[in-house]
Amino acid sequence: MRIREITPSDAEHFSKLTQQIENTSEYMLWEAGERQVNPDQQRKMIDRISSDENSTIFVAEEESQLIGFLMAIGGNARRNKHSVYIVIGILEGCRGKGVGSKLFEELEKWAFIHKIHRLELSVVVRNKAGLSLYKKMGFEIEGTKRDSLLINGEYVDEYYMSKLLKV
């Protein structure tokens, strides 16, 4: 498995990956089929994120196929440029095999170089696999976002989690 930063030439594969993950995950923000992601939109997003000094997207690749991603979106004000918000997604058949850990390890190397001090994310409280990964990677729960999402007609809470890095 190879972890690398995304390039604009990945737009089509990244578009498909995003849709596959959203179609098979119960905890992503977007529900299956809720939005159409096309390569042109993805290419523009990749270009925009690549031009930000404090934002990036890492992809996990196996046998020339994208199997997961980790997006780190940096703050855009002087007061929060040291902080990134994380979104991670991994193909269903590849979950629980170390992909997430490797994506986070690469993120931390990048964060050190880019003087990022704070990593943050939110996770549905029922997402045991996600919670386990984030805790294993050193994230701590900061608080609860009550009734944050509506999933299958039921309001669910999310934990707000963070990890502070030494820069």
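Residues numbered from 1 in each chain as written. Predicted model: local features only at pLDDT ≥ 70, side-chain atom pairs only at ≥ 80, totals over all residues. Heavy atoms only, no water.

1. Things to note about the packing of aromatic side chains
Consideration 1: Tallying each qualifying case throughout the model produces four aromatic pairs.
Consideration 2: For the pair Phe 104 and Tyr 134, a centre-to-centre distance of 5.9 Å together with 75° between the ring planes defines the contact as edge-to-face. Taken together, the residues span a long stretch of sequence, with Phe 104 in helix α3 (residues 99-113) and Tyr 134 in helix α4 (residues 128-136) at a distance of 30 residues.
Consideration 3: Taken together, a centroid distance of 5.4 Å and an interplanar angle of 65° make the contact between Phe 104 and Phe 139 edge-to-face. Note that Phe 104 is positioned in helix α3 and Phe 139 in the loop between α4 and β6 (140-151), a separation of 35 residues in sequence.
Consideration 4: Members of the aromatic cluster, each reached through a chain of ring pairs, are Phe 104, Tyr 134 and Phe 139. (Phe/Tyr/Trp six-rings, centres within 6.5 Å; stacked < 30°, edge-to-face > 60°. Helix = DSSP H or I, 4+ residues; strand = E, 2+ residues; numbered from the N terminus.)

2. A few points about α3
Think of an α-helix as turning once every 3.6 residues; residues three or four places apart then point the same way.
Consideration 1: Under the 1.5 Å per step criterion, the end-to-end length of α3 is 22 Å for 15 residues, consistent within 8% with the ideal 21 Å.
Consideration 2: Within the span of α3, buried status applies to Val 99, Gly 100, Ser 101, Leu 103, Phe 104, Leu 107, Trp 110 and Ala 111.
Consideration 3: Its buried side turned inward, α3 meets β1 (2-5), β2 (56-62), β3 (65-74), β4 (83-90), β5 (118-124) and α4.
Consideration 4: Positive backbone phi, at 55°, marks Lys 115, one or two positions downstream of α3. (Expected span 1.5 Å × (residues − 1). Buried < 20%, exposed > 50% of the residue type's maximum accessible area, 1.4 Å probe, protein only. Contact = heavy atoms within 4.5 Å.)

3. Some details on the sheet that holds β5
Consideration 1: Within the open sheet, the seven strands sit side by side as β1-β2-β3-β4-β5-β7-β6. Their pairing is mixed. Each edge of the sheet is formed by a strand with only one pairing partner; in this case those strands are β1 and β6. Ignoring which end each strand starts from, the neighbouring axes of this sheet average 25° apart.
Consideration 2: As judged from the seven bridges shared by β2 and β3, these two strands associate in the antiparallel manner. From the neighbouring strand, Ala 60 faces β3, where its bridge partner is Gly 68.
Consideration 3: Packed onto the sheet, α4 meets β4, β5, β6 and β7 (154-164) and runs at close to 15° relative to β7. (Pairing = 2+ DSSP bridges. Axes fitted to C-alpha atoms, helices over the stretch in contact; angles between N-to-C directions.)

4. A look at the pattern of salt bridges
Consideration 1: Scanning the entire structure with this criterion turns up twelve salt bridges.
Consideration 2: When the shortest N-O distance is used, the salt bridge between Lys 16 and Glu 12 registers 3.6 Å. With Lys 16 and Glu 12 both in helix α1 (residues 11-24), this residue pair falls four residues apart, about one helical turn.
Consideration 3: According to the relative accessible area criterion, Lys 16 is partly exposed, its value standing at 47%.
Consideration 4: Residue classification places Glu 12 among the partly exposed residues on the basis of a relative accessible area of 43%.
Consideration 5: Ionic pairing is found between Arg 118 and Glu 142, a salt bridge with its closest N-O pair at 2.8 Å. Within this pair, whereas Arg 118 is found in strand β5, its partner Glu 142 is found in strand β6, the two being separated by 24 residues in sequence.
Consideration 6: Of the residues examined, Glu 142 reaches a relative accessible area of 43% and is grouped as partly exposed. (Salt bridge = Lys/Arg side-chain N within 4 Å of Asp/Glu carboxyl O.)

5. Regarding the nonpolar core
Consideration 1: With 42 residues, the main nonpolar core has Phe 14 and Phe 104 as its most contacted residues.
Consideration 2: Among the secondary structure elements, those contributing two or more residues to this core are α1, α2 (39-51), β2, β3, β4, α3, β5 and α4.
Consideration 3: Not counting residues up to four positions away in its chain, the partners in contact with Phe 104 are Leu 70, Ile 86, Ile 88, Leu 121, Leu 133, Tyr 134, Met 137 and Phe 139. (Core = buried A, V, L, I, M, F, W, Y, C linked by side-chain atoms within 4.5 Å.)

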